[in-house]
Amino acid sequence: MLQKQFQITNYIGLVMIGSVFIFAFLVLAIDHGYFSFLESANPTVDAVVATKIRYLFIFISFVFFVIIKFMKNIILRFLQKQYANSLYPVVLRLFAFTLLVFGLCETISIYGLVLFILSRNPNDFFIFMAISLLYFYLFYPKYEDWEKIFNQELQGNPSP
């Protein structure tokens, strides 16, 4: 059961990483004028506002890093309560946490897409794309970690 759920989670993660590259394709297509409905290549916001938004998004990205890295145990304990009555509580808890991590990682690239649409500067997107892909790399789940948590749970040592 654990391995099957890990494979499903892995496929979801790969699709979400792929979507970051689809966003990159869209940014390049918009930047090169391939979409006629975006006739104006002028920025929606001025440079000062775009800079403030950029720094805000970078700060939020850093907060995501802190949440994933340092609050993992708290989140897993919270999810333990949510899935306590399910048939496979550990597996569902790991799955839910991993989907949360994937969502946070992908959100960073969406911030870059939004900033690009506002500023029309493709570099804004690619900065956030790089951060997003770095987070996917750093926090992508490993089967050994899932197996370790699963085995600890089976032995009666609940650990996040």
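Residues numbered from 1 in each chain as written. Predicted model: local features only at pLDDT ≥ 70, side-chain atom pairs only at ≥ 80, totals over all residues. Heavy atoms only, no water.

Student: I'd like a description of the environment of Gln-80, backed by residues and values.
Tutor: Here Gln-80 is to be found in helix α3 (residues 72-82). It is 31 Å that separates the C-alpha atoms of Gln-80 and Ile-58, two residues lying 22 residues apart in sequence. (Helix = DSSP H or I, 4+ residues; strand = E, 2+ residues; numbered from the N terminus.)

Student: Talk me through a nonpolar patch on the surface; I want residue IDs and the actual numbers.
Tutor: There is a patch of nonpolar side chains on the surface, built from Phe-70, Met-71 and Ile-74 and spanning about 310 Å² of accessible area. Tracing the sequence through the fold places Ile-74 in helix α3. (Patch = residues over 30% accessible without salt bridge, like charges linked within 9 Å, V, L, I, M, F, W, Y side chains within 5 Å. Areas by Shrake-Rupley, 256 points an atom, 1.4 Å probe, with all protein chains shown as cover. Salt bridge = Lys/Arg side-chain N within 4 Å of Asp/Glu carboxyl O.)

Student: Give me the lowdown on the pattern of salt bridges, citing residues and values where you can.
Tutor: Here the structure, examined in full by the defined rule, presents one salt bridge. Asp-124 serves as the salt-bridge partner of Arg-54, at 2.7 Å between the closest nitrogen and oxygen. In this pair, Arg-54 sits in helix α2 (residues 47-70) while Asp-124 sits in helix α5 (residues 122-139), placing the two residues 70 residues apart along the sequence. Exposure class is identical for Arg-54 and Asp-124. Each is buried. (Buried < 20%, exposed > 50% of the residue type's maximum accessible area, 1.4 Å probe, protein only.)

Student: Could you give me a rundown of the packing of α2 against helix α4 (residues 89-119), with the residues and numbers involved?
Tutor: Here α2 crosses α4 at 175°, and the two axes come no closer than 10 Å. With respect to their mutual orientation, α2 and α4 come out roughly antiparallel. Contacts from Ala-50, Ile-53, Arg-54, Phe-57, Ile-60, Ser-61, Phe-64, Ile-67 and Ile-68 in α2 reach Phe-97, Val-101, Leu-104, Cys-105, Thr-107, Ile-108, Tyr-111, Val-114, Leu-115, Leu-118 and Ser-119 in α4. Taken together, the residues of the contact of α2 with α4 sort by class into 16 nonpolar, three polar and one charged. (Axes fitted to C-alpha atoms, helices over the stretch in contact; angles between N-to-C directions. Parallel < 35°, antiparallel > 145°, perpendicular 65-115°, else oblique. Contact = heavy atoms within 4.5 Å. Nonpolar A, V, L, I, M, F, W, Y, C, P; charged D, E, K, R; others polar.)

Student: Describe unusual backbone geometry, listing the residues and the values that go with them.
Tutor: Outside of glycine, negative phi angles account for most residues, and trans bonds account for most peptide bonds. Backbone geometry at Arg-120 places phi at a positive 60°, although glycine is not the residue there. Note on placement: Arg-120 falls in the loop between α4 and α5. Residue Arg-120 is classed as buried on the basis of its relative accessible area of 18%.

Student: Requested: an account of the nonpolar core, with residues and values cited.
Tutor: Core analysis: the biggest nonpolar cluster contains 32 residues, and Phe-125 and Phe-136 have the highest contact counts within it. Put simply, the parts of the chain that give this core at least two residues each are α1 (2-31), α2, α3, α4 and α5. For this core, the element with the highest residue contribution is α4, accounting for eleven residues. Apart from residues no more than four positions distant in its own chain, Phe-125 is found in contact with Val-20, Phe-23, Ala-24, Val-27, Ser-109, Gly-112, Leu-113 and Phe-116. Counting eight residues, the second-largest nonpolar core is a separate cluster that includes Phe-6, Leu-94, Phe-95 and Ile-149. (Core = buried A, V, L, I, M, F, W, Y, C linked by side-chain atoms within 4.5 Å.)

Student: Residue-level account of the confidence of the model for the protein chain, with values.
Tutor: Averaged over all residues, the pLDDT of the protein chain equals 88, while 90% of them reach at least 70. The spread of mean pLDDT over the elements of the protein chain runs between α3, the lowest at 79, and α5, the highest at 96. (pLDDT = per-residue confidence, 0-100.)

Student: Help me get a handle on the packing of α1 against α4, residues and values and all.
Tutor: Running from N to C, α1 and α4 cross one another at 5°; their axes reach a closest spacing of 10 Å. In terms of their interaxial angle, α1 and α4 are classed as roughly parallel. Contacts between α1 and α4 pair Leu-2, Gln-5, Thr-9, Ile-12, Gly-13, Met-16, Ser-19, Val-20, Phe-23, Val-27, Ile-30 and Asp-31 from the former with Val-91, Leu-94, Phe-95, Thr-98, Leu-99, Phe-102, Gly-103, Glu-106, Ser-109, Ile-110, Leu-113 and Phe-116 from the latter. Considering only residue class, the contact of α1 with α4 consists of 15 nonpolar, seven polar and two charged.

Student: Give a detailed account of α5, specifying residues and quantitative values.
Tutor: The terminal C-alpha atoms of α5 lie 26 Å apart, and with 18 residues this matches the ideal 26 Å at 1.5 Å per residue to within 8%. In this structure, the buried side of α5 is in contact with α1, α2 and α4. For α5, the N-terminal cap is Asn-121; the gap from its side-chain oxygen to the backbone nitrogen of Asn-123 is 3.0 Å. (Expected span 1.5 Å × (residues − 1). Polar contact = N/O pair within 3.5 Å; in protein donor to acceptor, adjacent residues only side chain to side chain.)

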